[in-house]
Amino acid sequence: LPLFWKLLSAVESTQILACRIVFSLAFVWIILAMRGKAQWWKLLGDRKNRTALALSACFIALNWGMYIWAVNSDHIVQTSLGYYINPLVSVLLGVIVLKERLSMWQLIAFLLAAAGVFSLTVQYGAFPWVAIVLAVTFGLYGLFKKMVNIGSITGLTLETLLTCTFAVPYIAYVIHTGSSSFGFSLAPVNLLLMGAGAVTAIPLVLFAAGTKLLPLVAVGFLQYISPTITLLLGVMVYHEPFTRGHLLSFGFIWVG
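In this report, we go over the structure that sits alongside the text. (Residues numbered from 1 in each chain as written. Predicted model: local features only at pLDDT ≥ 70, side-chain atom pairs only at ≥ 80, totals over all residues. Heavy atoms only, no water.)

Focus on the overall build of the chain
Part 1 of the reasoning: Each helix and strand counted, the chain has 11 helices and zero strands in total.
Part 2 of the reasoning: In sequence order, the chain lays out its α and β elements as α-α-α-α-α-α-α-α-α-α-α.
Part 3 of the reasoning: Relative to the 2.2 N^0.38 estimate, which gives 18 Å for 256 residues, the radius of gyration of the chain is 19 Å and therefore close to what a compact globule would have.
Part 4 of the reasoning: Here the C-alpha coordinates of the chain stretch approximately 50 × 40 × 30 Å along the principal axes.
Part 5 of the reasoning: Looking at the chain residue by residue over its 256 residues, the buried ones come to 41%. (Helix = DSSP H or I, 4+ residues; strand = E, 2+ residues; numbered from the N terminus. Rg over C-alpha atoms; globule rule 2.2 N^0.38 Å. Buried < 20%, exposed > 50% of the residue type's maximum accessible area, 1.4 Å probe, protein only.)

Below is the structure:
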């Protein structure tokens, strides 16, 4: 994903986000229709489902928007930090909201993550807000998704449908004002913006299939591959700084 968003670095982040939402909906709608599961809209008939889906839609839109902006503003290392912290945020939300019990080792893991964030804040005199926003928004997204027992693709369809109520008028507005980077042609930037739907949905389809074939323990460990790749891209490809201070802070997170 960082490589893909970098190709669109000349486009305003909010426009990328709006196109990502609209074309994700189009892409997953086609997938559901092909799978004969086009009755997903009936899930919106239940008030609890609507509330949980609306909240999850808000948080995933915030997460997507922050991630796109962070990548194209040279904060890739911070995005990596955010997704390393995310599993520990999920543990904390489980304890606070769902009243789940926190084991001694989980408490130690959370304290180590907190130490890593504190260390980074002290050393650089700035709170790593990009990482924290990404971790918290994705953690809250997972929490509200847990309240509605539906598949990944169906959930994404409903979430993008709800956020399209804002994304479509925004795209119409920027086209009307002449400030839109998206147009109805086969220019490379238009193809990339349309491709954002596939880039979003295909990993989710594969993830949903993979979780059925693999033990949950394996899935949990595999989820650390993504922020690791992101970190390597940020440091080795885009030459973002990774100092001893970063190593100390990330070290706390990794141990956690």
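Anyway, onward from the coordinates.
Things to note about the state of the cysteines
Part 1 of the reasoning: Using the criterion set out here, one finds zero disulfides in the structure.
Part 2 of the reasoning: A disulfide-free cysteine, Cys-19 has its sulfur positioned 10 Å from the sulfur of Cys-164, the nearest such atom.
Part 3 of the reasoning: What makes Cys-19 buried here is its relative accessible area of 3%.
Part 4 of the reasoning: The cysteine Cys-58 is free of any disulfide, with Cys-164 supplying the nearest cysteine sulfur at 13 Å. (Disulfide = S-S within 2.5 Å.)

Structural notes on the environment of Asn-72
Part 1 of the reasoning: Mapping Asn-72 onto the fold places it in helix α3 (residues 47-72).
Part 2 of the reasoning: Residues Asn-72 and Val-122, spaced 50 residues apart in sequence, show a C-alpha to C-alpha distance of 25 Å.
Part 3 of the reasoning: If near-sequence neighbours (up to four positions away) are discounted, Asn-72 is found in contact with Trp-5, Lys-6, Leu-8, Ser-9 and Ile-16.
Part 4 of the reasoning: At 3.2 Å, the side chain of Asn-72 and the backbone oxygen of Trp-5 are in polar contact. (Contact = heavy atoms within 4.5 Å. Polar contact = N/O pair within 3.5 Å; in protein donor to acceptor, adjacent residues only side chain to side chain.)

Description of the pattern of salt bridges
Oppositely charged side chains can form a pair if their charged atoms are brought close together.
Part 1 of the reasoning: Under the definition given, this model contains two salt bridges.
Part 2 of the reasoning: In this structure, the salt-bridge partner of Lys-6 is Asp-74, at a minimum N-O distance of 2.9 Å. Taken together, the residues span a long stretch of sequence, with Lys-6 in helix α1 (residues 2-6) and Asp-74 in the loop between α3 and α4 (76-96) at a distance of 68 residues.
Part 3 of the reasoning: Here Lys-145 ties to Glu-159 by a salt bridge, and the two come within 3.3 Å at their closest N and O atoms. With a gap of 14 residues between them, Lys-145 in helix α6 (residues 129-146) and Glu-159 in helix α7 (residues 152-177) connect regions that are remote in the sequence. (Salt bridge = Lys/Arg side-chain N within 4 Å of Asp/Glu carboxyl O.)

What about the side chain of Ser-119?
Part 1 of the reasoning: Relative to the helices and strands, Ser-119 resides in helix α5 (residues 104-124).
Part 2 of the reasoning: Leaving out residues up to four positions away in the same chain, Ser-119 has contacts with Leu-248 and Ser-249.

A few points about a nonpolar patch on the surface
Part 1 of the reasoning: A cluster of nonpolar side chains, namely Leu-92, Ile-96, Val-97, Leu-98 and Met-147, defines an oily patch on the protein surface of about 380 Å² accessible area.
Part 2 of the reasoning: The residue Leu-98 is located in the loop between α4 and α5 in this model. (Patch = residues over 30% accessible without salt bridge, like charges linked within 9 Å, V, L, I, M, F, W, Y side chains within 5 Å. Areas by Shrake-Rupley, 256 points an atom, 1.4 Å probe, with all protein chains shown as cover.)

Side note on the packing of aromatic side chains
Aromatic rings in a pair are described by how distant their centres are and how their planes are angled relative to each other.
Part 1 of the reasoning: Enumeration according to the criterion identifies 12 aromatic pairs in this entry.
Part 2 of the reasoning: In this structure an aromatic cluster arises from ring pairing among Tyr-84, Tyr-224, Phe-242, Phe-250 and Trp-254.
Part 3 of the reasoning: When the ring centre of Tyr-238 is taken as reference, the NZ or CZ atom of Lys-6 above it lies at 4.9 Å.
Part 4 of the reasoning: Lying over the aromatic face of Trp-64, Arg-20 brings its terminal NZ or CZ to 4.2 Å of the ring centre. (Phe/Tyr/Trp six-rings, centres within 6.5 Å; stacked < 30°, edge-to-face > 60°. Lys NZ or Arg CZ within 6 Å of the ring centre and 35° of its normal.)

Some details on the packing of helix α2 (residues 13-34) against α7
Part 1 of the reasoning: Two elements in contact, α2 and α7, have axes whose closest approach is 7 Å; the angle formed by their N-to-C orientations is 135 degrees. Regarding the angle of α2 to α7, the classification is oblique. The handedness of the crossing between α2 and α7 comes out as left-handed.
Part 2 of the reasoning: Taken together, the residues of the contact of α2 with α7 break down into 17 nonpolar, seven polar and no charged. (Axes fitted to C-alpha atoms, helices over the stretch in contact; angles between N-to-C directions. Parallel < 35°, antiparallel > 145°, perpendicular 65-115°, else oblique. Left-handed = near helix turned anticlockwise from the far one by under 90°. Nonpolar A, V, L, I, M, F, W, Y, C, P; charged D, E, K, R; others polar.)

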